[in-house]
Amino acid sequence: MNPIDHTYFSNECVHVLSSSHNDIAFLDSPLATILFRNRNIIKQAIERMEEDPHFYHSMECVLYLKDFLILHPEMKERLAKVLENGQFGCGATFTQCYETSLTSEAMIRQYYLGKRWIKRMFPQVDLKTVWNVDVPSRALQSAQVMQKSGVEYLFISRMDAAFFHWYSPDGSKVSGYSTGHYHHNSLNQILNLSYEVYEQHDASDSAPKVQGNIEEGRKTLAAYLDKVATFYHQRAIPPLLAFLSIRDYDFPLNLTPYLSKLREGTALPTFRYSSTEQFMQQALSTLDQEKHFNHYRGERPNLWVYHQSTHAKAFWYSRNGMYQLEEAERLGALAFTLGCKYPQSEIDSAWEELLYLDHGWGGFNGHITDETYLQTSIRGYNRAQKIHEETMNKISSLIAVPEKGSYLTVFNPTFKQKTDVVSCRIDWRALGSVYFTLADREGEEIPYQIIEEPEPYQIRILFTTTVPALGYSRLSLIPSIKEQFHTNSVVVEQRDNSISIENQFYNLIIEKGGITSMVDKENGEQLVPKGSPLSLFEIFVLNSHGNGSGEFSEIQQAQRVFGIEHDKYWLGSGHSESASKQNIHWRIA
């Protein structure tokens, strides 16, 4: 029996998928990267396709094409032609994001701002593929959202090289291909091709000259195919294979003449440039989808999770802005039925700002990039807040209230009746009294707690109420001449090494580390897990040094943990040296 080697692919045509891995920035600041990408990648790709109708190239997300057209509107018709004939591919999402950092609605909006935007700009183009070869993360519902958005294929890396089906919990799936690590499968790297990617391009805008040792290239390519052929033979996979032609911020190289010369007088396969759709359509029609495809279910946790903690402020504004905007949209739809204008353009702008964060933090001039991400998230958050407030004010103005008295309107923008905690500001000058009673429509008193004084003449109160689905509840503010007290006595007892706190609902003990005991007095249940090494609300610090987005199989583990065992902190103290019971800040609502 002959050994399995690269001749396994000799009579086949191997697909070449040309792309260029990009971030919003990382190469340089966002603006510098846009200018580089426009000039050296997108514009040149269009020119290569016009020269050779058999050359294909893909960009990874729609934002790159949108930025290109802002600065080069004169290229729209030329771009439309190569998009429509399938030569120019594009990923269907707005950015290459951390999916697990998004809300469920925000994940859907990736396709509104991506796939749908392309459809509106180029009606004949329907994007079918998601490209995300860099980020080692998938959310639980990714496949479901992709399928419902009309996306059929997923191209990723950072996983085993394989064809696969990825399933969401509802059974929906997306079919895809992983190249292992995208740079390991790159023809450019396997053949050790030499060309200057990062140098400024000359004024002629001609393609960069590719240099490579033909004999050495034949050897390295044959060695790579030997390994792939052995794997294919073990699993009885027919000889269907794709190479990426890719490096970070790569020029769109047409390697056809070089590959033809490389194959002369050898048993190497032929090569042809393809789109992701062409390659996957052949895979689905010729391979056994049970035997030859891997089957993945569930999510893949983000291996670069430290990005979100390192840049927590930007992610906080982005994610909380998403929640505000989702509520504002529902309220806006309600206001529209009442005759108000729907703020579509403002909502679209807010979503673009809130979804701007991609995975490329840091890099060259990373201080500019990171600040751009932060400020864009803040701007989106503020815009969402403004839309939310203005929409509620419009609806409030349409609600009839008695001429006399002061009232508080609480809205529920969800689709179910909701009982929840409400936090709001009260300007007591309008009441003429600092003290007041809060009552519902039936006159039943609602207990509340004053929790802060955010501004002069204002107090923030906290209370609980029930509001119908997509509805509102009107509460009365009745001025009082004396402070309102509610029966909720608190007993605090300080001991040498602990503090005991008891009210009518709970009995808890705070020790060094946090809350070590919390008993629900109504049913006697102990809420602190028995034998837990950590207390409730325990403060601890992880010291971990990642390797700069280089984890591909496991999350970077902490090298040292501060704040556990003998180093435990007092709750709220910050560090153990000055820790004492006097540092504790607690409040019972």
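Please refer to the structure placed before this passage.
Residues numbered from 1 in each chain as written. Predicted model: local features only at pLDDT ≥ 70, side-chain atom pairs only at ≥ 80, totals over all residues. Heavy atoms only, no water.

(A) How the structure looks around the packing of helix H1 (residues 30-51) against helix H3 (residues 76-84). Closest axis-to-axis distance for the H1/H3 pair is 10 Å, and the angle between their directions is 60 degrees. Here H1 lies oblique to H3, going by the angle between them. The crossing of H1 and H3 is left-handed. Across the interface between the two elements, Ile46, Glu47, Met49 and Glu50 of H1 pack against Arg78, Leu79 and Val82 of H3. (Axes fitted to C-alpha atoms, helices over the stretch in contact; angles between N-to-C directions. Helix = DSSP H or I, 4+ residues; strand = E, 2+ residues; numbered from the N terminus. Parallel < 35°, antiparallel > 145°, perpendicular 65-115°, else oblique. Left-handed = near helix turned anticlockwise from the far one by under 90°. Contact = heavy atoms within 4.5 Å.)

(B) Main features of a nonpolar patch on the surface. Taken together, the side chains of Leu31, Leu35, Ile70 and Leu71 present a nonpolar region at the surface, about 390 Å² in accessible area. Counting residues per element, the ones that place at least two in the nonpolar patch are H1 and helix H2 (62-71). If you trace the backbone, Leu35 turns up in helix H1. (Patch = residues over 30% accessible without salt bridge, like charges linked within 9 Å, V, L, I, M, F, W, Y side chains within 5 Å. Areas by Shrake-Rupley, 256 points an atom, 1.4 Å probe, with all protein chains shown as cover. Salt bridge = Lys/Arg side-chain N within 4 Å of Asp/Glu carboxyl O.)

(C) Looking closely at the pairing of strand S14 (residues 448-452). Bridge analysis of S14 against strand S15 (residues 458-467) gives four bridges, and the strand direction is antiparallel. Among the inter-strand pairings, Gln449 is bridged to a residue of S15, identified as Leu462. (Pairing = 2+ DSSP bridges.)

(D) Up close: the sheet that holds strand S8 (residues 242-245). With respect to topology, three strands assemble into an open sheet ordered S8-S1-S9, the strand pairing being parallel. Two strands in the sheet have a free side with no partner beyond their single neighbour: S8 and strand S9 (270-273). Across the sheet, the axes of successive neighbouring strands diverge by a mean angle of 35 degrees, strand direction being ignored. Sheet topology note: the strand S1 (residues 13-18)/S8 ladder contains four bridges and is parallel. Looking at S8, one finds that Val16 is bridged to Phe243.

Just distances and angles here, no functional claims.
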